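Inside the fold
Listed below are the residues making up each chain.
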Amino acid sequence: MQIEAPFNLVETPAFVYDETEVDRVLAITRRLSAETGCKSCYSVKPLTLPPLLRHMASSLDGFAVSSPFEARLARECLSGEGAIHFTSPGIREREVGDLTSLCDYVSFNSLGQWRRFSGHFSRHVSLGLRVNPGLSFLDDERYDPCRLHSKLGVPLKDLAGWQNSRHSNLPRLDGILLHSNCESTDFSELDKTVRQVKEYAPNVLEEIRWINLGGGYLFPRGANLEPLVAVIRGLRSVYGLEVFLEPGAAFVRSAGYMVSSVLDVFFSEGKSVAVLDTTVNHMPELLEFDFEPDVNGHQEDGQFEYILAGCTCLAGDVFGEYKFPQPLEVGDRVLFCNVGSYTLTKAHMFNGINLPGIYALKEADRLELLREFGYPDYESRWTTYASSPV
Ligand SMILES: *Cc1c(COP(=O)(O)O)cnc(C)c1O
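Please read all numbers here as calculations on a predicted model, not as lab measurements.

**Notes on the domain arrangement of the protein**
Taken domain by domain, the protein comprises domain 1 (37-247) and domain 2 (253-382). For domain 1 and domain 2, the distance between their C-alpha centres works out to 34 Å. Listed per partner, the contact involves 10 residues of domain 1 and 11 residues of domain 2. In total, about 920 Å² of surface goes out of reach between domain 1 and domain 2, with carbon and sulfur atoms giving 64% of it. Considering only the side of domain 1, the residues that lose the most area to domain 2 are Pro-46, Leu-49 and Arg-142, jointly responsible for 45% of the buried surface there.

Structural data, given as structure tokens:
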């Protein structure tokens, strides 16, 4: 099977991100900012590649992170201007120093963490709380921040009560963070979420300075952004709030490809199996969340059907069943699409299978090799101290 240039030029397995596609989404957030005055950040956890972060930094107002490591890497990639927004369900006391020096906005995940740590942050850090608006839009609770007994954020009613009763000598609550959806393209859900906050905690909106609407929404071609524009304008004009967005997957999901080669093809009890030189461990969410990735050239009425399988010893290391108009042969390439988010950042070397090389696809189909991995990377994970008494 043929795949298009330049995907046929890379050594496989390879992760390729298309910078032009990232730029398409950056243009959307820049236009949103121009039209509404909101500020846009990139939540780095879907794809945390420094060259990409540096490329994005000049079009954004900062990065959103959830650990001191992410904070440090993001800070190193910010070009002077721009802010680091931090939230995490588990801040440790020993991290507070690093977080103070690396971050501009910190949203505590619970009232307990606020009580314990808010007094330790110096004044230049703007302090907020992550709020759980309690409105679910997802069927699968594994990625629903508003699931029953959620660990993510202060329930709205608790926040409203706390805001009324708190001591004035505590640090001021500057803002709130809402992040309550996943891969949604329906911004009316965000409108409903904000209405929920207005209904249950109107006093909070009156007193804070900023609101971060989180991520969890995609910006595909032709997306209807009107509800988003209206929500931002409303928050700015009625409450005078500074509004932040921190999408993650929206910027990189459609920009990412995994290029693999067929290593073997055989029959297994009536079905053809094609073993690839990649593995689901290069995209672990396939197993975690049980979905099948998009494959270039797959056609519902294709005559040649294959189980695409990964090359580890795990029986379940399988991508799914796909149909092609031509047969697959050893050496052919198989191209996975829309796999830019939560793949490379979760990929690992189980079974000693090397990680994919990383390539950037620049304007005019110019490919740049950014990184190859090898035995030293594998070995370094398992290097231990000769002797280290505790
Ligand atoms: C993961 C995360 C994001 C980005 O989510 P996407 O679904 O990738 O847009 C934004 N904010 C917070 C707090 C997150 O945990």
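Still more to cover.
**Re the layout of surface pockets**
Empty space within the second largest pocket amounts to approximately 370 Å³. Those elements that place two or more of their residues in the lining of the second largest pocket are α2 (50-57) and β19 (366-371). Of the domains in this structure, domain 1 (37-247) and domain 2 (253-382) are the two that each give at least three residues to the lining of the second largest pocket.

**A few points about the pattern of salt bridges**
On inspection of all chains with the given rule, the structure shows 18 salt bridges. Here Arg-142 ties to Asp-140 by a salt bridge, and the two come within 2.8 Å at their closest N and O atoms. For Glu-288, the salt bridge goes to Lys-346, with nearest N and O atoms at 3.0 Å. Of the two residues, Glu-288 sits in helix α11 (residues 285-289) while Lys-346 sits in the loop between β17 (333-337) and β18 (357-362), which places them 58 residues apart along the sequence. Lys-346 gets classed as partly exposed once you look at its relative accessible area, which sits at 30%. The network of salt bridges with shared partners includes Glu-21, Arg-24 and Arg-221.

**Re the packing of helix α1 (residues 19-36) against helix α9 (residues 226-239)**
The geometry of a pair of packed helices is captured by two quantities: the angle between their axes and the separation between those axes. Put simply, α1 and α9 touch, their axes get as near as 10 Å, and they point 40° apart. Considering the angle they form, α1 stands oblique to α9. Regarding α1 and α9, the two cross each other, and that crossing is right-handed. Contacts between α1 and α9 pair Leu-32, Glu-35 and Thr-36 from the former with Leu-228, Val-229, Ile-232, Arg-233 and Arg-236 from the latter. Classifying every residue of the contact of α1 with α9 by side-chain character gives 4 nonpolar, 1 polar and 3 charged.

Rules used in this analysis
- Residues numbered from 1 in each chain as written.
- Predicted model: local features only at pLDDT ≥ 70, side-chain atom pairs only at ≥ 80, totals over all residues.
- Heavy atoms only, no water.
- Domains from an automatic or database assignment.
- Contact = heavy atoms within 4.5 Å.
- Buried area = accessible area lost by both parts, 1.4 Å probe.
- 1 Å grid on protein atoms, 1.4 Å probe; cavity = no way out; pocket = protein on both sides within 12 Å on 5 of 7 lines; lining within 4 Å.
- Points joined across faces, edges and corners; volume = space filled by probe spheres on them.
- Helix = DSSP H or I, 4+ residues; strand = E, 2+ residues; numbered from the N terminus.
- Salt bridge = Lys/Arg side-chain N within 4 Å of Asp/Glu carboxyl O.
- Buried < 20%, exposed > 50% of the residue type's maximum accessible area, 1.4 Å probe, protein only.
- Axes fitted to C-alpha atoms, helices over the stretch in contact; angles between N-to-C directions.
- Parallel < 35°, antiparallel > 145°, perpendicular 65-115°, else oblique.
- Left-handed = near helix turned anticlockwise from the far one by under 90°.
- Nonpolar A, V, L, I, M, F, W, Y, C, P; charged D, E, K, R; others polar.

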